[in-house]
Every structure is written in C-alpha cells, then in structure tokens.
Amino acid sequence: VWLLLDTPLPAAYALAAHQLHQTLQSRWSATNHLAKAAVAMHFGQNLYELGLYLLSTKPGWDFLVHHTIVLLSFALVLGLDGEMSFWASLAGLVEISNINLSLLKIMLISEWGRGSTFEAVNGVLFWATFFVVRVVGIPVWLYLFAADVRAGVPASPRGSSPELSSLRVLAPTSQAIKWFI
C-alpha cells in the first residue's frame, strides 16, 4: 500500500515545485491543482499512518511529534487554499527516498530477494536518494526559505494581518524543525 502511495507523491511535488518557483510572490502565494492534490494526499497518508501507529505500541514520541508537525503544516497549506504550496512541494520531495525504503520493508517482511542484486541496487538507490533529497535537499530548502524571508515575505492575497503573516512563516519553519526531530 505505501509503495503505491509513495510513488506518485515525489513526481507530483517535483512538478508542482518547478511550476511554482519562479518568483518570490509565486513561492508564497501561488498554487496549482497538482500541488493541492499532492498536499491533500500526503496529509491523508500521514493522518492514516499516525492513526495506525497510535493504535499500536510501535511509535516513539519523535515519530508522533514529526507526524503531528507534518499534519499541522499541511493542514495550514490546505486551509489557506494552497498558499505556500511551493514550500510544501519542496518539503514533500524528501518522500522520494521512501520508495526504496518501502521496497526494502517489503523484501524484509516477505523474505523475498534477500541477498539478491535487486536488494543491493535498491539499497544503493535508497542511500543515494536519501543523500540527495535529505542531506543536500533540506539545507537547500532552508537556504531558499531564509533568503525569501530576508527578501520580505509578500503579503497574502487574503490580506496582511500579523496573525496570517506569522502562520505563513510558521508552516515552513515547522517543516524545517520536523526534519531534525
């Protein structure tokens, strides 16, 4: 199930981020149907996963905090009708490494392909994608976010109340924090 859910998300996020990255205004206020659909699907996936883990004795506090922050951040993007879709899409790109992680889990549970060339290639791809999207990608995301904040976050199309401006900066900031939990 997770492999089927994890596979379309990175592609949708990559295309949405590419379409929304052009200007400071578009990074903070623009959206598109692809970004909205990916964020909604990711929100639902995280809600389902969090529910499953709450019913089991498996999760630690870090897992619960991580998924709670994801849910709150993506709920904010959805609640603001897609504002900050670029940041959510860029954050969602880290999910690409989950494809190989899901394959590894399937192989471990089913004991299929253990010790095979496929397992070795999958492992190399997992570490390569993990390095590119998380070890390199997260600092790039943080740099772009900080550069935009320094340049001045554009006013929301909904108005520029202090509460809304704070929420618009809080969601991407909480995404950054979740990566370190």
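Asks: So what exactly am I meant to see when it comes to the pattern of salt bridges here?
Replies: Side-chain pairs of opposite charge can arise where the charged atoms are in close proximity. Inspection of every chain in the model, using the stated rule, returns 2 salt bridges. With a closest N to O distance of 2.8 Å, Asp-148 and Arg-27 form a salt bridge. Here the residue Asp-148 occupies a position in helix α8 (residues 117-151), and Arg-27 occupies one in helix α3 (residues 24-29), the gap between them amounting to 121 residues. Taken individually, Asp-148 and Arg-27 each receive the classification buried, so the pair is uniform in this respect. Between Glu-119 and Arg-114 there is a salt bridge, and its shortest N-O distance comes to 2.2 Å. Among the residues examined, Glu-119 registers a relative accessible area of 15% and is labelled buried.

Asks: Can you walk me through the nonpolar core in this structure?
Replies: Most often, soluble globular proteins have nonpolar side chains that are buried together. Grouped together as the largest cluster of nonpolar side chains are 23 residues, with contacts concentrated most on Met-84 and Trp-87. Breaking this core down by element, the ones donating at least two residues are α2 (8-20), α4 (33-55), α5 (61-79), α6 (85-92) and α8. Sorting elements by how many residues they give to this core places α2 first, with 6 residues.

Here is what the cut-offs are and how they apply
- Sequence order as written defines the numbering, with residues in each chain counted from 1.
- Only residues with pLDDT of 70 or above have their local features reported here, since the model is predicted, and side-chain atom pairs are shown and tallied only from 80 upward, although totals for entire chains, interfaces and linings are computed over all residues.
- By convention in this description, side-chain values take in all heavy atoms of the structure and omit both hydrogens and water.
- The salt bridge definition used is simple: a Lys or Arg side-chain nitrogen within 4 Å of an Asp or Glu carboxyl oxygen.
- The helix and strand labels rest on DSSP assignments: H or I over at least four residues marks a helix, E over at least two residues marks a strand, and numbering proceeds from the N terminus.
- Partly exposed residues are those whose accessible area sits between 20% and 50% of the maximum for their type, while under 20% is buried and over 50% is exposed, using a 1.4 Å probe and protein chains only.
- Only buried residues count toward a nonpolar core. Its members are Ala, Val, Leu, Ile, Met, Phe, Trp, Tyr and Cys residues joined through side-chain atoms within 4.5 Å.

No statement about biological role is implied by the geometric values presented.
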